[in-house]
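Spelled out from the first residue to the last, the chains are:
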Amino acid sequence: MQAFSFSTAPLDTAAYRAALVDPSCGGYASFEGWVRDHNEGRRVERLEYESFAALAVREGERIVAEAVEKYGVRRAACVHRIGDLALGEMAVWVGVSAPHRGEAFAACRYIIDEVKHRVPIWKKEHYVDGDSGWVNCERCAQPSEHTREHGHSGRHHDESADGRTHAPDYSRQVALPEVGVEGQAKLRRGSVLVIGAGGLGVPVLQYLTAAGVGRVGIADGDVVEASNLHRQPLYGPADVGAGKAEVAARRLRALNPDVQVELHAERASASNIAEWLERYDLVVDCSDNFATKFLVNDAAVSLGKPAVFASVYQYEGQLQTYLPREDWPCLRCLWPEAPRDGLVGNCAQAGVLGAVPATLGAMQAMQALKILLGLAGEATPALHTFDLLGMHWHTLKAARNPACDHASRTLLRDASLDVGEVELHYTSLRAARASGLTLVDIREAWERVADGPEPPIDLHVPLSALVEGASALPPEGRYLVVCAHGVRSLALAEHLRTHGYTEVYSLAGGLAALRNSV
Amino acid sequence: MKRIHLQYFAVLREQAGRSEETLDTSAANPADLYDEVRTVHGFTLPRAMLRVAVNDEFRDWNASLASGDRVVFIPPVAGG
């Protein structure tokens, strides 16, 4: 059911309650608000409720989402009656289900208090003496307990230091002839899904939120790490270890309470991405791996949604926009065989300065805003490459590849991406050899020198030579491929599996894992 | 012999130790040209993983080359 809704008919609590049932929940708490027969000393006969629905629903949804996040409850919903109500009728219902009763009670209390305080609903009281009067429920109440308790304003508009509230001010962008009031309304109606809240994703999320895009979705299953902070300044040291999507959502809501920020706190996969993307106008890919980029590409092509891709390597970046048009190339038109993660570059971190993904991310935000605003922008499809060290920008025209079938694109998972049986765990190389596998070390010569004592290995063939043509390895053999940390060996094993090798495995965790297990 | 202006990106730039160079070559197409510079610079990436652009347009590996062409070899990058 919807998190917050209005009903003109009497409230059907049994149906609402049923929608909150969840096998992981051990408790359910609900609140019912009824029309009573007196208010401030006057006898009331009946009530009329009216609301500014668009605004009210958005604010109501925000309150329910806050309660879910704040108290960690499973499900929550609120329904408010509008229209004429007689004495004793139910005006509002709140329900919450949670693993434990404490959170359920707390979240339920939070929702009703905040709804009474923040949602724009007007109440007309008809008194027994024939008189009547409008009462604006929004903000007519005392400041809610939650606001007082936590000293933060959960209101629609933020309070500044002088205590006055401020509506978002978009005047500087509305002043652009290409934007205007109409453009701002387009942004407000717009929705963007951002895959990855890292170096690229942070500026994308910040600028789309600040610009007043109506709904912004964050998809990221990672936690904040200390090594992220230099290039992801939406997070601070206190966030290390916390879920990235959760922290980002909190910060963005504070940045612009006008925007509906949605959380998808898991890694994008073939089983969730289409369901997510269906609900947005376009997707911005800020992921850091090929598997996700091609997944996003396929989802965008199959659903006919624009997509903005970027990636960085040290001081360089690439930017490509997909538009769902007949003649427009997708990522696969350019790279018919999706590159495997780990094969380009090497295990060692390439290194990056935060300003590089920030630059590319800002460009992605710009592309996304142009698409929402309907600004022509790109007339011809291209891959843009940026060298921020030398300050060179190349626009390489790309064309639709006729062999790349867009019409029947699906999200069928590439079976070779399932890593389960490709990775094998061993505590010693002797054990691996005992199971009849030929050990193949694919580290480059310089690494073997740098890594120290040589392990007992059968064959040394650097990765670069193997990818080119694996002639050194007869396909009928049984191999365990080994590298420093198990990233390249896994990529190679998967690659060989798709090229006629049936029994090639990767040593999970690489030689480092063996050393650690000793 | 034709004179080709070459540009390198990402891991190719690292391995070549430069971002561009001008080369006199007899290579008939980008494929031959890559094989040639691969030997010189010790590039580890096989051609199958790259794309090539000639005069700012993506082209086939067997497109013909002319003197004065600007050639860019582009490896896919995924960092974010």
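Residues numbered from 1 in each chain as written. Chains lettered and ligands numbered in written order. Predicted model: local features only at pLDDT ≥ 70, side-chain atom pairs only at ≥ 80, totals over all residues.

What to know about the overall build of chain B
Let me state the cut-off plainly: In this description a helix means any DSSP run of H or I spanning at least four residues, a strand means any run of E spanning at least two, and both kinds are numbered starting from the N terminus. Backbone-placed C-beta atoms define the burial measure: a residue is buried with 20 or more other C-beta atoms within 10 Å of its own, exposed with 12 or fewer, and partly exposed in between. Note on contacts: each residue gets a C-beta atom placed from the backbone, and two residues are in contact if those atoms are within 7 Å.
Helix and strand counts for chain B stand at two helices and five strands. What you see in chain B, going N to C, is helices and strands ordered as β-α-β-α-β-β-β. The proportion of buried residues among the 80 residues of chain B is 42%. Taking contacts inside chain B between residues at least 6 apart in sequence as the whole, the part at least 24 apart equals 57%.

Quick word on the overall build of chain A
Within chain A, the regular secondary structure consists of 17 helices and 24 strands. Taking as baseline every contact in chain A between residues at least 6 positions apart, the subset at least 24 positions apart corresponds to 70%.

Some points on unusual backbone geometry
Here the phi dihedral of A:M391 falls at roughly 55 degrees; this positive angle occurs in a residue that is not glycine. When you line up the elements, A:M391 lands in the loop between β18 (382-387) and β19 (392-397). By C-beta crowding, A:M391 is classed as exposed, having 8 other C-beta atoms within 10 Å. Backbone geometry at B:A10 places phi at a positive 50 degrees, although glycine is not the residue there. Here B:A10 shows up in helix α1 (residues 10-16).

Description of the nonpolar core
Residue and element names in this part refer to chain A. Our working rule: Only buried Ala, Val, Leu, Ile, Met, Phe, Trp, Tyr and Cys residues enter a nonpolar core, and they are joined through C-beta atoms within 7 Å.
Ranked by size, the top nonpolar core spans 92 residues in total, and within it V194, L205, V216, I218 and A368 carry the most contacts. When residues in this core are grouped by element, the largest group, 10 residues, is from helix α12 (residues 355-373). For V216, the residues in contact, after removing those within four places along its chain, are V192, V194, L205, L208, T209, L252, V259 and V261. In terms of nonpolar packing, the next biggest core, distinct from the first, is built from 31 residues, Y49, A77, I111 and I112 among them.

Side note on the packing of helix α7 (residues 201-210) of chain A against helix α8 (residues 244-255) of chain A
Residue and element names in this part refer to chain A. Which entries qualify depends on this criterion: Between N-to-C directions, angles cover 0 to 180 degrees, with each direction set by a line fitted to C-alpha atoms, over the stretch in contact for helices. By the definition adopted for this analysis, an angle is roughly parallel if under 35 degrees, roughly antiparallel if over 145, roughly perpendicular if from 65 to 115, and oblique otherwise. Less than a right angle of anticlockwise turn of the near helix away from the far helix marks a crossing as left-handed, whereas a clockwise turn marks it as right-handed. Residue polarity follows a fixed list, in which Ala, Val, Leu, Ile, Met, Phe, Trp, Tyr, Cys and Pro are nonpolar, Asp, Glu, Lys and Arg are charged, and the others, Gly among them, are polar.
Across the interface, α7 lies against α8 with an axial gap of 9 Å and an inter-helix angle of 30 degrees. Accordingly, the angle class assigned to the pair α7 and α8 is roughly parallel. Seen along the crossing, α7 lies across α8 with a hand that is right-handed. Seen from α7, the contacting residues are L205, Q206, T209 and A210; seen from α8, they are A248, L252 and L255. Here the residues of the contact of α7 with α8 are counted per class, giving five nonpolar, two polar and no charged.

Focus on the interface of chain B and chain A
On the side of chain A, 37 residues touch chain B, which itself brings 21 residues to the contact. For the side of chain B that touches chain A, the secondary-structure elements that each account for two or more residues are α1, β3 (51-54), β4 (57-59) and β5 (70-74) of chain B. Along the lines of polarity and charge, the residues of the side of chain B that touches chain A split into 14 nonpolar, four polar and three charged.

Focus: the sheet that holds strand β1 (residues 4-7) of chain A
Residues and elements named next belong to chain A. The test is simple: Between any two strands, pairing holds if DSSP finds at least two bridges.
Ordered in space as β1-β5-β7-β2, the four strands form an open sheet in which the pairing is mixed. Across the chains shown, the open sheet's two edge strands, defined by having one partner strand only, are β1 and β2 (27-34). Pairs of neighbouring strands in the sheet enclose a mean axial angle of 15 degrees, with direction left out of account.

Describing the confidence of the model for chain A
Reading predicted coordinates in detail is not appropriate for stretches of low pLDDT. To keep it simple, the criterion reads: Confidence scores per residue from the predictor, reported as pLDDT, run from 0 to 100.
Considering every residue of chain A, the mean pLDDT works out to 85; 88% of them sit at 70 or more. The low-confidence segment residues 137-143 of chain A, where pLDDT is below 50, has 13 contacts with residues more than four positions distant or belonging to other chains.

Observations concerning helix α2 (residues 53-71) of chain A
Residue and element names in this part refer to chain A. The criterion, for reference: An expected span of 1.5 Å times one less than the residue number is assigned to each helix.
The end-to-end C-alpha separation of α2 is 27 Å, in line with the 27 Å expected for 19 residues at 1.5 Å each. Every buried residue belonging to α2 is among A56, E59, G60, R62, I63, V64, A67, V68 and Y71, and all of these are buried. Buried residues belonging to α2 abut β1, β4 (42-51), β5 (75-81), α3 (101-118), β8 (121-127) and β14 (260-264). Downstream of α2 by one or two residues, G72 has phi in the positive range, about 65 degrees.

Quick notes on the pairing of strand β15 (residues 282-285) of chain A
Residue and element names in this part refer to chain A. Definition in use: By the criterion used throughout, a crossover qualifies as right-handed when its path from the first strand across the helix to the second strand runs clockwise, the strands pointing away from the viewer.
Where burial is concerned, the two faces of β15 agree: the one with L282 and V284 and the one with V283 and D285 are both buried. Of the pairings in the sheet, the one linking strand β12 (residues 191-195) to β15 comprises four bridges and is parallel in character. Directly across from L193, in β15, lies its bridge partner V283. Bridging between β15 and strand β16 (residues 307-313) involves three bridges; their strand directions are parallel. Paired with D285 across the bridge in β16 is F309. What joins β15 to β16 is helix α10 (residues 290-303), and the crossover it makes is right-handed.

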